[in-house]
Amino acid sequence: METSSRMLPAATSLGPVALAVADLAAALGFYRDVLGFQVARRSEDEIILCATGSPSAVLILSAAPGARRRPTAGLYHFALLLPTRADLARAVRHLIGAGAAIEGASDHGVSEAVYLHDPEGNGIELYADRPRERWPTRDGRLAMGTTALDLEDLLAQDARPWEGMPQGTGIGHVHLRVADLARSERFYAGVLGFQVTVRGYPGALFLSAGGYHHHIGLNIWAGTGIPPRDPQGPGLRYFTVRLPDRADALAARRRLQAAGAPVAEAGGPGGWLTQDPDGIGVLLAW
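For every chain, the first residue of the written sequence is number 1, and numbering continues from 1 along that sequence. With the structure being a predicted model, the display of local features is reserved for residues of pLDDT at least 70 and the display and counting of side-chain atom pairs for 80 or more, all residues being used for whole-chain, interface and lining totals. Neither water nor hydrogens contribute to the side-chain values; these are computed over all heavy atoms in the structure.

Moving on to unusual backbone geometry. Note: most residues except glycine have negative phi, and most peptide bonds are trans. One non-glycine residue, Asp-139, adopts positive backbone phi at about 55°. Numbered from the N terminus, helices here are DSSP runs of H or I no shorter than four residues, and strands are runs of E no shorter than two. Mapped onto the elements, Asp-139 comes out in the loop between strand 9 (137–138) and strand 10 (141–142).

Written out as structure tokens, the structure is:
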């Protein structure tokens, strides 16, 4: 049980997700032309994407030519939090019209979500939160679930045309495949400072800061003891934990160092880069 000195501040959020992709052009075609992101900055081997009218990075795509995907720990999906339910309705209507393969649509009580994959197999969730006061609880604890999404009711919300990924869209949470739930909990809760919000979901664990339903999802649905993430492979390079200020980031860095976790300066994006027990990169920024 983490003490208050180990808990992340309530204002903690997630920042950009960085993906290594074997085909940078194809990935750009999907994220720009299908999902509607804008290119904020581009070089020969890296593309930074943002929402419409916003300079803030949401996704970072880096070229990894020839990289082959293997069944390892890593990304299950990253989740794009849209500002409103109407924004989600417009996004879903656009995806249907664009012929995108929507692979799932769920009502989690706390949120409504649709799921798909990019051309390289990276899982993506698009979702909108319900107001916090309407989040379901059971015996005083958050009770997320999974039922079928009422798509008809969702799509009736807003008929305005799609104009790209709306301003205010960001990374709401990341969901990771791990080898050992208890070991990952010791890292994300006991060291980094997230708090467990949902423990009863079969084969999964959910954690957050500030009482959010979850910033981090962990699962062992691919089996326990799976190999660690391949640092040369495609997929998730790192995700960003954004702290309110540098002092908070320094405190988290000290906890990581005390626990023997690797910590290195992150030159390009700034901050400190660490790895969880499965080799998944976590960037501490502020």
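Spatially, 2-3-4-1-16-19-18-17 is the arrangement adopted by the eight strands of the open sheet, whose pairing is mixed. What marks the edges here is a single partner per strand, and that holds for strand 2 (38–42) and strand 17 (263–265). Each strand axis lies, on average, 25° off the axis of its neighbour in the sheet, ignoring direction. Strands are labelled as partners when DSSP assigns at least two bridges between them. Looking at chain direction, strand 17 and strand 18 (residues 272–275) are connected through three bridges and run antiparallel. Its bridge partner lying in strand 18, Glu-265 is registered against Trp-272. Any two residues having at least one pair of non-hydrogen atoms within 4.5 Å are treated as being in contact. Between N-to-C directions, angles cover 0 to 180 degrees, with each direction set by a line fitted to C-alpha atoms, over the stretch in contact for helices. Strands in contact with helix 1 (residues 24–34) are strand 1 (13–21), strand 2, strand 3 (46–50) and strand 4 (57–63); relative to strand 4, the strand with the most contacts, it is inclined by about 160°. Helix 4 (residues 181–192) contacts strand 16 (235–242), strand 18 and strand 19 (281–285) of the sheet and is inclined by roughly 15° relative to strand 19.

This next bit is on the side chain of His-214. One can find His-214 in the loop between strand 14 (204–208) and strand 15 (216–219). On the accessibility criterion, His-214 (7% relative accessible area) is buried. Throughout this description, a polar contact denotes any pair of N or O atoms lying within 3.5 Å of each other; where both atoms belong to protein, one of them has to be capable of donating a hydrogen while the other can accept it, and for residues adjacent in sequence the pair is counted only when both atoms sit in side chains. A polar atom in the side chain of His-214 sits 3.3 Å from the side chain of His-173. Of the polar contacts made by the side chain of His-214, one reaches the side chain of His-213; its length is 2.9 Å. Only protein chains enter the accessibility calculation, which uses a 1.4 Å probe; a residue whose area is less than 20% of its type maximum is buried, one above 50% is exposed, and one in between is partly exposed.

Direction of pairing for strand 2 relative to strand 3: antiparallel, over a ladder of four bridges. Looking across to strand 3, one finds that Arg-41 is bridged to Ile-48. If you look at the hairpin formed by strand 2 and strand 3, you'll find three residues sitting between the two strands.

Moving on, we get to the pattern of salt bridges. In the sections that follow, a salt bridge refers to a side-chain nitrogen of Lys or Arg positioned within 4 Å of a carboxyl oxygen of Asp or Glu. Tallied over the full model, the rule gives 11 salt bridges. Between Arg-90 and Asp-87 there is a salt bridge, with its nearest N and O atoms 2.4 Å apart. With Arg-90 and Asp-87 both in helix 2 (residues 85–97) and three residues apart, this pair spans about one turn of that helix. Here Arg-90 and Asp-87 have matching classes, each one buried. Several salt bridges converge on common partners, so that one network encompasses Arg-85, Asp-107, Glu-112, Arg-130 and Asp-153.

Now for the sheet that holds strand 11 (residues 147–148). The nine strands lie next to each other as 11-6-7-8-5-12-15-14-13, forming an open sheet whose pairing is mixed. Of all strands in the sheet, those with a lone pairing partner are strand 11 and strand 13 (195–198), marking the two edges. Sheet topology places strand 6 (residues 104–107) next to strand 11; two bridges connect them, and they run antiparallel. Residue Asp-107 lies in a different strand from strand 11, and its bridge partner there is Thr-147. Contacts from helix 4 reach strand 12 (170–177), strand 13, strand 14 and strand 15 within the one sheet, and its direction differs from that of strand 15 by about 160°.

A few words on helix 5 (residues 246–258). Three or four residues apart is the spacing at which side chains of an α-helix point the same way, because the helix has 3.6 residues per turn. Here helix 5 is 13 residues long and its end C-alpha atoms lie 18 Å apart, about the 18 Å a rise of 1.5 Å per residue gives. Against the buried residues of helix 5 lie helix 4, strand 17, strand 18 and strand 19. A helix is expected to span 1.5 Å multiplied by its residue count minus one.

When the centres of two rings from Phe, Tyr and Trp lie within 6.5 Å, Trp using its six-membered ring, the rings pair. Their planes under 30 degrees apart give stacked, over 60 give edge-to-face, and anything left gives tilted. Scanning the model with the defined rule gives eight aromatic pairs in all. Measuring from ring centre to ring centre gives 5.9 Å for Trp-135 and Tyr-212, while their planes differ by 65°; the resulting arrangement is edge-to-face. Taken as a pair, Trp-135 in the loop between strand 8 (123–129) and strand 9 and Tyr-212 in the loop between strand 14 and strand 15 lie far apart in primary sequence, 77 residues in all. Seen in terms of ring centroids, Tyr-201 and Trp-221 are 6.4 Å apart; in terms of plane orientation they differ by 45°. Their pairing is tilted. With a gap of 20 residues between them, Tyr-201 in the loop between strand 13 and strand 14 and Trp-221 in the loop between strand 15 and strand 16 connect regions that are remote in the sequence.

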